[in-house]
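# Understanding the architecture of this molecule
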Amino acid sequence: MPSHPIHALIDLWRQRQPRHAHGGWWALSGFHYQLLISIQQTIDAYRPGQSALQLNETLSDHLRFEANSTHWLCIQVKRRLDRRTLSAALAELWLIHILALSDAPELARDAHYEVCAEQIDGQPDAHLPDWQPDHPAEPAQLADFLQRVQVVHRHNVRAAILTQLVSQPIYAATPLTLLESWLAHGLSIERTRDGQALAERIYNDLHQAPKTHGALPPGIMMWRPHFRPPADVVCDDREDSVLTGQQPTPQDLADGCFFTRPLYATLADKAERWIHQQASQSRPLPAVFWLGGRSGCGKSVALLHVLGQLHQAGFDHILWLGNSVNLLPDAVALARVLHSEDSREAPVIIALDDPFLLPDSQALAAWQAAVDALQDLVAQRRGDELPVFLCCGPSEQAIRFEEQMAGQLRVSRHDLPIESPAELADMRHWFTRRTSRPAPHYAEHDENLLLVQLFFEWRHAEPLTEFAWHFRQRLKAWDDSGELEKHVAQILAANRLYIGYCPAALERLDAVLRDRLSALTQDQHLRVLSDARPLSAAAGQARRPGVWLAHPHLVDAIYQTWFPPGQHAATRRQHLVNAALDWLQHAAEDSQRNTVLWAIAYSQTRPSLPYAGRLSAADAAQTLADIHHQRPDLTQGSLSALAPWVAAETELPALVAQLPNRPRAQAIHRLNAIQQDEPGLGLVCRLLATPPANAHDAAATDTVLALLRRLDARQWPKWQSLAQYCLTLTHDPALALSLANYYAQHPSEHPGLWLEHCLQSAGEAALPAVQTWLAQAPATLPAWSYIWEAAWGQAHHPNTPLRTLANDWMRRADTQSGPSWAFIWGPLWQAAPNDAALAALGREWLQRAPAEHASWAFVWEALWQAAPNDAALAALAREWLQRAPAEHKSWTFVWQALWRVTPDDPVLAQQGQAWLSAPRWRHDMSWGYMWQALWETRTQDQPLLAQGRRWLEETRSRRGGWGRVCANVLPHYAEDTALMAAAEAWLLTRPAEDEEAVRVRQALAKR
């Protein structure tokens, strides 16, 4: 639109009178924040079927009564709180309090007051005890008033409200629509005398709003603001105030049940940097941040602390799944809804404890479904929309996870270090303050002692070995038949290998023994979990199958005390044999039937397993041989029953001599005769295709590859996934070509990244099949552009078929859908940057693509580099700057490209200054570079200089271009010691040869 002279006056007004120019904006933003607080408070008090009195703008800013309670809360809302504004807020609350004391003393007794703020400068609440009203007050009354006042930092309120709306008990289907309607209602209503209109509207909408339990599937918990450790140690002498082997939960974190290691802040910083890096990856993939280490070393507690700190840092949408890896697909679907609803830059975090805990096939299926649900974002390189996964689990679990999901996920592992002596001393002090009793000295000097055992011994005030003996004596005293002790021993034998005991073991006990076991475990503070969770389990708690007694590390110590190794070898083996036979005979699900067999099979060759070393190779082989002796049918029946024995032969070579037939040979023989799918076929094929350690089993690999060639993919649903797995292991060109041909024959199927793998393994031989797929696949399929790029990278150019396919696709593709169009046009333009037809196609696309399109600037900049003074391109860019949303990530880059060519353009100057002045961009990475661009042509602009000085203080040295701005501002503030200190602190974080650091150092030297 043409520039009007008034714009120049507006620009001057904003520069020279910023307080007046932005006063209305600040007033509106303050009232907007107050409305958000009122909405949040009203939702907090909402309970279906109940109502609580909520008054807005009547007695102070917000007044809240709790349902079925006489307590009431009066809230003063400040957008920005410092010592001055706190004093003003207290003055108003004090007037309310003395009015209540004099005229309504029964109300005054139940009064509470709050001053909340979005931004807090310094520590104004430190002056709270010293505050005095304007008029003298009776000291006791004033002290009582100040005791009732709480200063609360409430930031990211909008995101917190959206979290409330999709959580229990509301489950709103359209949370953003509800919130926006309430904000509009709050800004438009007349201030009625009772001030309750907004609350009534909210309660009415919550009662009538469409609900969807699919928005928050059972078992998924939204992270809440109070899920963070208390600021100080909370004394609590109850028995469960310190966890000693139970599964930690977010509420335990809020209750102060854990010691906070300094390490957690470092891990949270690492996680935050890692999360920001993922969105900028040139080839985005779903990414996993994995906290590893030994079992019992505190990984779960560390993960909870990291999540709490990330939530405080602005990652508002965190989905906590606990051990429920089976809920991953639901969590991914919900994450995509939350991201689209809130349009946030911060990604949604999905958090899991032990994310590969289930049998590999089940966990793999859950992860595969989750990854498949994100393939469209991967293909379109919309990495900023991908959720990120934060997990904790044993290191071996992470290694196995990476092997199984190779090429589909990016994993970053961080193992927890062993506690230092100083940390142990701090833990002892914390325990004493927490429980009001001293922590006894036992085995802290043992470097192998795990935190779970340390706190167990402190909690019970005796070493674990003594506890074990007392526990056993209690069992014998309660049941002299030995039956109760035998069953407990078998449960311990299974639990120490990180597997539950079959619930049928308890069902066989008579009622008296079951009652005694229940009473005994409660008395000894152990937990019996049956069928995956305790009876009162909440969302996100453990879902481990079977019966459990305490933490597996504690169980192992108890078991070792009862049955020392070398003295009870036969008894120990028999315990496992019984546990295995119970699962085989009584398992409710086929997936659980071989639980013990799998644990024993992998006990030797995976040293990072949490139970590694608890079974010798000889004991493991002999135990399996004993099981086979009682159940010889296990290797003669279905492939599902044969699978763990195939794995056992690979992992335990000594087993072969004790079995009548080699399981791998039996499996190969069975596979050579198979003509159609049957249960367990895919799993056995994977086991055979995975070669034994330091060996190559060509016969097994050839058998699986022959099977893939022999069976019709249409008759075997798992053909595709097995072919993908084998291609990852073998990179077999023939298999790659078969898989590429499979997709060419099934163009409607989503190939994900696999056609790229086919091209990498088979080279140009796969190009015809890939080109066939490209010619038949719908233009709307997200993977189309990604696969075309992979084919273009393999082809010898010029490749006429691929170029023709690309031109056809670009003409029929929907310009609205993602950045894919630019990813096709870009490589073609790079190969032929002077192609007139491509240039015309690019210009045409710029004219019809929506301004908010993520790749608009990418195409424009490529054309601009070839013709930097082209008037038509400049006009397109100017028009785009006017209509593109200000939050477009490329807005500042296009502006800077035009500014470099026309640095005196008044319209561009006005646009740049308006962008800098908008408070919402103050923490944007481009702010410093935008300021620098304007400053280079306006070195005498005092408002611009002052603006740069304020930004340096507010961003605290953490944003892009900080050094450039500082180097230009420093010479004009020769007496500003605070700025000098900030600059010197910033230099400590930068390499000496860094260009910005050199400029800042020179500016300091000139002073």
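Figured I'd write up the structure that's included with this text. (Residues numbered from 1 in each chain as written. Predicted model: local features only at pLDDT ≥ 70, side-chain atom pairs only at ≥ 80, totals over all residues. Heavy atoms only, no water.)

Glancing now at the packing of aromatic side chains. As enumerated under the stated definition, the model contains 33 aromatic pairs in all. Plain terms: the ring middles of Trp430 and Phe455 are 5.9 Å apart, the flat faces sit at 90° to each other, and that makes the pair edge-to-face. Placement of the pair is Trp430 in helix α17 (residues 421–435) and Phe455 in helix α18 (residues 451–460), with a sequence separation of 25 residues. For the pair shown, Trp430 and Phe455 are each scored as buried. The structure contains a cluster of three or more aromatic residues connected by ring pairs, namely Phe456, Phe467, Phe471, Tyr559, Trp562 and Phe563. One Lys or Arg, Arg472, reaches over the ring of Phe563 and ends 5.1 Å from the middle of that ring. Looking at Arg686, its charged tip hangs above the ring of Tyr725, at a distance of 4.4 Å from the centre. (Phe/Tyr/Trp six-rings, centres within 6.5 Å; stacked < 30°, edge-to-face > 60°. Helix = DSSP H or I, 4+ residues; strand = E, 2+ residues; numbered from the N terminus. Buried < 20%, exposed > 50% of the residue type's maximum accessible area, 1.4 Å probe, protein only. Lys NZ or Arg CZ within 6 Å of the ring centre and 35° of its normal.)

So, about the environment of Pro438. For Pro438, the position within the fold is in the loop between α17 and α18. Here Pro438 falls in the exposed class, since its relative accessible area comes to 63%. With ten residues separating them in the primary sequence, Pro438 and Arg428 have C-alpha atoms 7.8 Å apart. For Pro438, the contacting residues outside a window of four places in its chain are Phe431 and Thr432. (Contact = heavy atoms within 4.5 Å.)

It is worth spelling out the sheet that holds strand β6 (residues 221–222) at this point. Pairing is mixed in the open sheet, where six strands are placed in the order β6-β8-β9-β10-β7-β11. Both outer strands of the open sheet, β6 and β11 (410–415), are each paired with one neighbouring strand and no more. Alignment of β6 against strand β8 (residues 318–320), held across two bridges, turns out to be antiparallel. Along β8, the bridge assignment pairs Met221 with Trp320. Across the sheet, helix α11 (residues 263–278) touches β7 (287–292), β9 (349–353), β10 (388–392) and β11, and the angle it forms with β7 is around 165°. Packed on one face of the sheet, helix α12 (residues 299–312) meets β7, β8, β9 and β10 and runs near 150° to β10. (Pairing = 2+ DSSP bridges. Axes fitted to C-alpha atoms, helices over the stretch in contact; angles between N-to-C directions.)

To continue, consider helix α47 (residues 977–987). Side chains three or four residues apart in an α-helix point the same way, a direct result of the helix having 3.6 residues per turn. Buried within α47 are the following residues: Leu979, Ala983, Trp986 and Leu987. Across the axial projection of α47, the buried residues extend over an arc of 100°, all falling on one side. Buried residues belonging to α47 abut α45 (942–955), α46 (962–969) and α48 (995–1006). A side-chain oxygen of the first residue of α47 lies 3.3 Å from the backbone nitrogen of Ala978; this N-cap is Asp976. (Arc of directions from axis to C-beta. Polar contact = N/O pair within 3.5 Å; in protein donor to acceptor, adjacent residues only side chain to side chain.)

Below, the discussion takes up the pattern of salt bridges. Evaluation of the coordinates by the stated rule reveals 26 salt bridges. For the salt bridge of Asp556 with Arg496, the shortest nitrogen-to-oxygen distance reads 2.8 Å. You can see Asp556 sitting in helix α23 (residues 552–562) and its partner Arg496 sitting in the loop between α20 (483–495) and α21 (504–507), a full 60 residues away along the chain. Accessibility classification places Asp556 together with Arg496 in one group, the buried group. Beyond isolated ion pairs, a larger network of salt bridges with shared partners links Arg964, Glu995, Glu996 and Arg999. (Salt bridge = Lys/Arg side-chain N within 4 Å of Asp/Glu carboxyl O.)

Now for the packing of α17 against α18. At a minimum axis separation of 12 Å, α17 and α18 run at an interaxial angle of 40°. Between α17 and α18, the angle falls in the class oblique. Remark: the crossing between α17 and α18 carries right-handed chirality. The segment α17 lies against α18, with Leu424, Met427, Arg428, Trp430, Phe431 and Thr435 engaging Leu451, Leu454, Phe455, Trp458 and Arg459. A class-by-class count of the residues in the contact of α17 with α18 yields eight nonpolar, one polar and two charged. (Parallel < 35°, antiparallel > 145°, perpendicular 65-115°, else oblique. Left-handed = near helix turned anticlockwise from the far one by under 90°. Nonpolar A, V, L, I, M, F, W, Y, C, P; charged D, E, K, R; others polar.)

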